[in-house]
Amino acid sequence: METIQSRTGQGRVADAPSGHWVYRALPRGMWPYAQLARWDRPIGWWLLLWPCWWSTALAATAFARPGDPLLTLLPSPVTLVLFLIGAVAMRGAGCTYNDIVDERIDAEVERTRSRPLPSGQVTRRQAWIFLIVQALAGLAVLLQFNGFAIVLGLCSLAVVAIYPFMKQITNWPQLVLGLAFSWGALMGWAVEFGDLDGPAIMLYLGSILWVIGYDTIYAHQDKEDDAIVGVHSTARLFGENTKIWLTGLYGFALMFFAVAFAAAEAPMPALAGLVAAGAHMARQIYVLDIDNSDQCLKLFKSNTMVGWLIFLGLVGGGAWMALKPLL
């Protein structure tokens, strides 16, 4: 679908891919809700999911010993699926809430004025109802975990609630986004152990820095419009020094990840995934052109590869520890 949505007719949102399954499989009446939840842009829930899966995999391999049963060293498939469902639901709820708060601003920005609310495809009341439905789906997932994890998950809502307002009052809204999007780094550990320990905290801190980095790249798409409407971002703050800042953010993120792995006594092969992820981050910084919006979006989306590399490294480390006595 190539038509960009406006008040005169339905279509896709400007920064969504054309030909997406949402527009082929869903009736037209569902399109605005799919757009509110960003079902046509799955990168968001992937990025929300990765800290959850990292934490789950790190908890599974923590303090492993050679010869431990393989299944005990791999993340629980049930937990991974629950986190997947929760990430899709809560990312959708968060985006819906963000669109409700930012309706006026979105109407003034070229990339976002085709979203369902500013384009008049849904009312605010309909958006609120959809938000509640998604939040209830997320709550249903959360209730499958232990009491500590449930309370911890509910605490994240405070950060989610304030995020949309931060871009109007601070140059560091990406920091608040990092606090919210990295919460899963605490959750996987809490689900496994019923508490929080140093490895989960270190993983959380590293993830926050990673989120600030990749969302800075994303924010460079809108820096001109943001300046006009008074929206703040680290992209505007860092400006021409963005590559220097990214080097520091990604570098310290990797350091925190390595400390988390060491504190959890994760199997040594897990570091291979971390090294590969570091190489991918370095490439992002090297090729980045902050004035090329298409490239910024492409590099932002490529961070799902960072997620896969770290996760598979942890899973591979667990498998290696179980099979080590047989080698």
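Coordinates for the structure precede this section.
What counts, and at which threshold
- Residues numbered from 1 in each chain as written.
- Predicted model: local features only at pLDDT ≥ 70, side-chain atom pairs only at ≥ 80, totals over all residues.
- Heavy atoms only, no water.
- 1 Å grid on protein atoms, 1.4 Å probe; cavity = no way out; pocket = protein on both sides within 12 Å on 5 of 7 lines; lining within 4 Å.
- Points joined across faces, edges and corners; volume = space filled by probe spheres on them.
- Helix = DSSP H or I, 4+ residues; strand = E, 2+ residues; numbered from the N terminus.
- Nonpolar A, V, L, I, M, F, W, Y, C, P; charged D, E, K, R; others polar.
- Salt bridge = Lys/Arg side-chain N within 4 Å of Asp/Glu carboxyl O.
- Patch = residues over 30% accessible without salt bridge, like charges linked within 9 Å, V, L, I, M, F, W, Y side chains within 5 Å.
- Areas by Shrake-Rupley, 256 points an atom, 1.4 Å probe, with all protein chains shown as cover.
- Buried < 20%, exposed > 50% of the residue type's maximum accessible area, 1.4 Å probe, protein only.
- Phe/Tyr/Trp six-rings, centres within 6.5 Å; stacked < 30°, edge-to-face > 60°.
- Axes fitted to C-alpha atoms, helices over the stretch in contact; angles between N-to-C directions.
- Left-handed = near helix turned anticlockwise from the far one by under 90°.
- Contact = heavy atoms within 4.5 Å.

Focus on the layout of surface pockets
Right, so step 1: Of the pockets and cavities examined, the second largest pocket occupies roughly 280 Å³.
Right, so step 2: Lining the second largest pocket are 19 residues, with A14, D15, E110, R111 and D222 positioned closest to its centre.
Right, so step 3: Looking at the lining of the second largest pocket, the elements with two or more residues in it are α12 (223-229) and α16 (293-301).
Right, so step 4: Broken down by element, the lining of the second largest pocket gets its largest block of residues, three residues, from α16.
Right, so step 5: Classifying every residue of the lining of the second largest pocket by side-chain character gives four nonpolar, six polar and nine charged.

Overview of the pattern of salt bridges
Pairs can form between side chains of opposite charge once their charged atoms are near each other.
Right, so step 1: On inspection of all chains with the given rule, the structure shows nine salt bridges.
Right, so step 2: For the salt bridge of D99 with R115, the shortest nitrogen-to-oxygen distance reads 3.4 Å. Note that D99 is positioned in helix α5 (residues 77-101) and R115 in the loop between α6 (103-108) and α7 (124-142), a separation of 16 residues in sequence.
Right, so step 3: By sharing partners, the salt bridges in this structure join R38, D99, D106 and R115 into a single network.

Some thoughts on a nonpolar patch on the surface
Right, so step 1: A contiguous nonpolar patch, built from I132, L136, L139, L143, L154 and L157 and spanning about 530 Å² of accessible area, is present on the exposed surface.
Right, so step 2: Elements with a contribution of two residues or more to the nonpolar patch: α7 and α8 (147-166).
Right, so step 3: The element that contributes the greatest number of residues to the nonpolar patch is α7, accounting for three residues.
Right, so step 4: Relative to the helices and strands, I132 resides in helix α7.
Right, so step 5: Look at I132 and you get partly exposed, because its relative accessible area is 46%.

Some remarks on the packing of aromatic side chains
Right, so step 1: In the structure shown here, the tally under the stated rule is 25 aromatic pairs.
Right, so step 2: Each member of the aromatic cluster is reached from another via a ring pair, and the members are W45, W46, W50, W53, W308 and F311.

So, the packing of α5 against α8
In a packed pair of helices, the relevant descriptors are the angle between the two axes and the axis-to-axis distance.
Right, so step 1: Viewed as axis vectors pointing N to C, α5 and α8 meet at an angle of 35°, and their least axial separation amounts to 9 Å. Crossing handedness for the pair α5 and α8: right-handed. On the side of α5, the interface is formed by M90, Y97, N98 and V101, while α8 contributes L157, V160, A161, Y163, P164 and F165.
Right, so step 2: Here the residues of the contact of α5 with α8 are counted per class, giving nine nonpolar, one polar and no charged.

Looking at the side chain of D222
Right, so step 1: Note on placement: D222 falls in the loop between α11 (198-219) and α12.
Right, so step 2: Leave out the neighbours within four places in its chain, and D222 touches V109 and R111.

So, the environment of A266
Right, so step 1: With respect to the helices and strands, the residue A266 is situated in the loop between α14 (242-263) and α15 (270-287).
Right, so step 2: Here A266 falls in the buried class, since its relative accessible area comes to 16%.

Here we look at the environment of G138
Right, so step 1: Within the secondary structure layout, G138 lies in helix α7.
Right, so step 2: Accessibility expressed as a relative area gives 9% for G138, which makes it buried.
Right, so step 3: Setting aside chain neighbours within four positions, we find G138 in contact with A89 and M90.

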